[in-house]
Amino acid sequence: MIRVVKPAKAPAILTTKGEAKKNELVAEYERGGRSFKFDSKVYGNKSVKEALKRAQHDKCFLCESKISHISYGDVEHFRPKAAYRQRASGKLETPGYYWLAYDWDNLFLACQTCNQVFKKNLFPLATPNTRATSHKESVNKEDPLFVDPSVDDPEHLISFRREVSYPPRHDPRGKTTIEGLGLNRPMLNERRLEHYELLLSLYRLVQMNQPEPESTEARQLLDRMTRDDAPYASMTRAAVRAGFQLTS
């Protein structure tokens, strides 16, 4: 997981139709409604998805896998819109963060495995009684246990030993994010290990070309694989920083 820097200006459909839809939901809540209908044609509009693809370099905001060459991807709500769970095995609570259903800050692009198998309605807080349960309360008082890559720098909270992610200093937010969102699931680790082994080969080639490794093709390729637009960039950067002296 790496930082996601979204454009400050939200896609127009969110500030027009999305704002109108939000006002309808707020009015429904005021009338006593606690179950809401959401319009995926607004928050999942092509303009929203394309803006997220660009901001996230066409990568899942959680696992950093490239998306478009294998799936359409899901526009995911960081704070679940309809209902939430404090724990994966816990009760599904309603309402969710209905007032944030069309909020640009609450939207990310996720692969379908991260979204539909792991994240779903899960949104744990360190202090559950700080949870905002309506538009009348502020989410700024919450202490989420999931890392928000548009607010936090995930690389301070999640690092890697080879292909395996772990929380530096046993950080509870990193730990909960890794465990709750399946960031060490076997198939993902298998793909990252393949990537790591290629990186290690490139690194060894670079070291063989001392004292001027910067000019080699291997060095240039390794540098490209550390960029934000590369898959698993956070793992690559952790390995390079440590000189590949890492064990799982």
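Up top is the structure.
Here's a quick rundown of the structure. Everything numeric here is computed off the predicted structure, so don't read it as measured data. (Residues numbered from 1 in each chain as written. Predicted model: local features only at pLDDT ≥ 70, side-chain atom pairs only at ≥ 80, totals over all residues. Heavy atoms only, no water.)

**Comments concerning the pattern of salt bridges**
No. 1: Under the criterion given, the structure shown has 16 salt bridges.
No. 2: For the salt bridge of Lys 59 with Glu 64, the shortest nitrogen-to-oxygen distance reads 2.6 Å.
No. 3: Since its relative accessible area comes to 1%, Lys 59 is described here as buried.
No. 4: Taking relative accessible area as the criterion, Glu 64 reaches 2% and is therefore assigned buried.
No. 5: Put simply, Lys 175 and Glu 179 hold a salt bridge, and the shortest N to O gap is 3.2 Å. Remark: Glu 179 and Lys 175 occur in helix H6 (residues 172-180); sequence separation between them is four residues, near one turn of the helix.
No. 6: One salt-bridge network, in which partners are shared between bridges, spans Glu 155, Asp 228, Arg 237 and Arg 241. (Salt bridge = Lys/Arg side-chain N within 4 Å of Asp/Glu carboxyl O. Buried < 20%, exposed > 50% of the residue type's maximum accessible area, 1.4 Å probe, protein only. Helix = DSSP H or I, 4+ residues; strand = E, 2+ residues; numbered from the N terminus.)

**Digging into the side chain of Arg 185**
No. 1: With respect to the helices and strands, the residue Arg 185 is situated in the loop between H6 and helix H7 (186-208).
No. 2: Buried and without a salt bridge, Arg 185 has Asp 74 as its closest oppositely charged side chain, separated by 11 Å.
No. 3: Apart from the residues within four sequence positions on either side, Arg 185 is in contact with Cys 63, Cys 111, Thr 113, Cys 114 and Phe 118. (Lys, Arg positive; Asp, Glu negative; His and termini not counted. Contact = heavy atoms within 4.5 Å.)

**Points about the packing of aromatic side chains**
To describe a pair of aromatic rings, one takes the distance between the centres and the angle between the planes.
No. 1: On inspection of all chains with the given rule, the structure shows 13 aromatic pairs.
No. 2: For the pair Tyr 97 and Trp 99, a centre-to-centre distance of 5.5 Å together with 50 degrees between the ring planes defines the contact as tilted. In terms of burial, Tyr 97 and Trp 99 fall into one category: buried.
No. 3: Here Tyr 97 and Phe 123 contribute two aromatic rings whose centre-to-centre distance is 5.8 Å and whose plane-to-plane angle is 80 degrees, an arrangement assigned as edge-to-face. Here Tyr 97, found in the loop between strand E1 (74-77) and strand E2 (107-110), pairs with Phe 123, found in the loop between helix H5 (112-119) and strand E3 (159-161); they are 26 residues apart in sequence, far enough to count as distant.
No. 4: With relative accessibility at 0%, the residue Phe 123 sits in the buried group.
No. 5: Three or more aromatic residues joined by ring pairs make a cluster, and in this case those are Tyr 29, Phe 36, Phe 61, Phe 78, Tyr 84, Tyr 97, Tyr 98, Trp 99, Phe 108, Phe 123 and Phe 146.
No. 6: The ring of Tyr 166 has Arg 161 lying over it, and the distance from NZ or CZ to the ring centre is 3.7 Å. (Phe/Tyr/Trp six-rings, centres within 6.5 Å; stacked < 30°, edge-to-face > 60°. Lys NZ or Arg CZ within 6 Å of the ring centre and 35° of its normal.)

**Focus on the pairing of E1**
No. 1: The alternating pattern of E1 places Asp 74 and Glu 76 and Val 75 and His 77 on opposite faces, both of which are buried.
No. 2: In this structure, E1 lies alongside E2, joined through four bridges in antiparallel fashion. Its bridge partner being in E2, Val 75 is matched across the sheet by Leu 109. (Pairing = 2+ DSSP bridges.)

**Some points on the side chain of Glu 64**
No. 1: Its location among the elements puts Glu 64 in the loop between helix H4 (46-55) and E1.
No. 2: Among the polar contacts listed, one links the side chain of Glu 64 to the backbone nitrogen of Ala 233, at a separation of 3.0 Å.
No. 3: Setting aside its immediate chain neighbours within four residues, Glu 64 contacts Met 1, Ile 2, Lys 59, Ala 230, Pro 231, Tyr 232, Ala 233 and Ser 234. (Polar contact = N/O pair within 3.5 Å; in protein donor to acceptor, adjacent residues only side chain to side chain.)

**Focus: the nonpolar core**
No. 1: Counting 60 residues, the largest nonpolar core has Leu 14, Cys 60 and Leu 62 as its most contacted members.
No. 2: When contributions to this core are tallied by element, the ones reaching two or more residues are helix H1 (12-15), helix H2 (17-30), helix H3 (40-43), H4, E2, H7, helix H8 (217-224) and helix H9 (233-241).
No. 3: Per element, the largest residue contribution to this core is seven residues, and it comes from H7. (Core = buried A, V, L, I, M, F, W, Y, C linked by side-chain atoms within 4.5 Å.)

**Points about the packing of H7 against H8**
No. 1: The contact between H7 and H8 brings their axes to 8 Å, and the two run at 140 degrees. Between H7 and H8, the crossing angle belongs to the class labelled oblique. Of the two possible hands of crossing, H7 and H8 adopt the one that is left-handed. Here Leu 199, Leu 202, Tyr 203, Leu 205 and Val 206 of H7 come into contact with H8, specifically with Ala 218, Arg 219, Leu 221 and Leu 222.
No. 2: Looking at the contact of H7 with H8 residue by residue, the class counts come to eight nonpolar, no polar and one charged. (Axes fitted to C-alpha atoms, helices over the stretch in contact; angles between N-to-C directions. Parallel < 35°, antiparallel > 145°, perpendicular 65-115°, else oblique. Left-handed = near helix turned anticlockwise from the far one by under 90°. Nonpolar A, V, L, I, M, F, W, Y, C, P; charged D, E, K, R; others polar.)

**Digging into H8**
No. 1: Ala 218, Arg 219 and Leu 222 are the residues of H8 that are buried. Looking straight down H8, one finds its buried side chains confined to an arc of 100 degrees; they lie on one side. (Arc of directions from axis to C-beta.)

**A short note on the environment of Val 147**
No. 1: Tracing the backbone shows Val 147 in the loop between H5 and E3.
No. 2: Each C-alpha atom, one on Val 147 and one on Thr 177, is 6.3 Å from the other, the two residues being 30 residues apart in sequence.
No. 3: Not counting residues within four places of it along the chain, the set of residues in contact with Val 147 comprises Met 1, Phe 78, Asp 152, Pro 154, Leu 157, Ile 158, Arg 173, Gly 174 and Thr 177.

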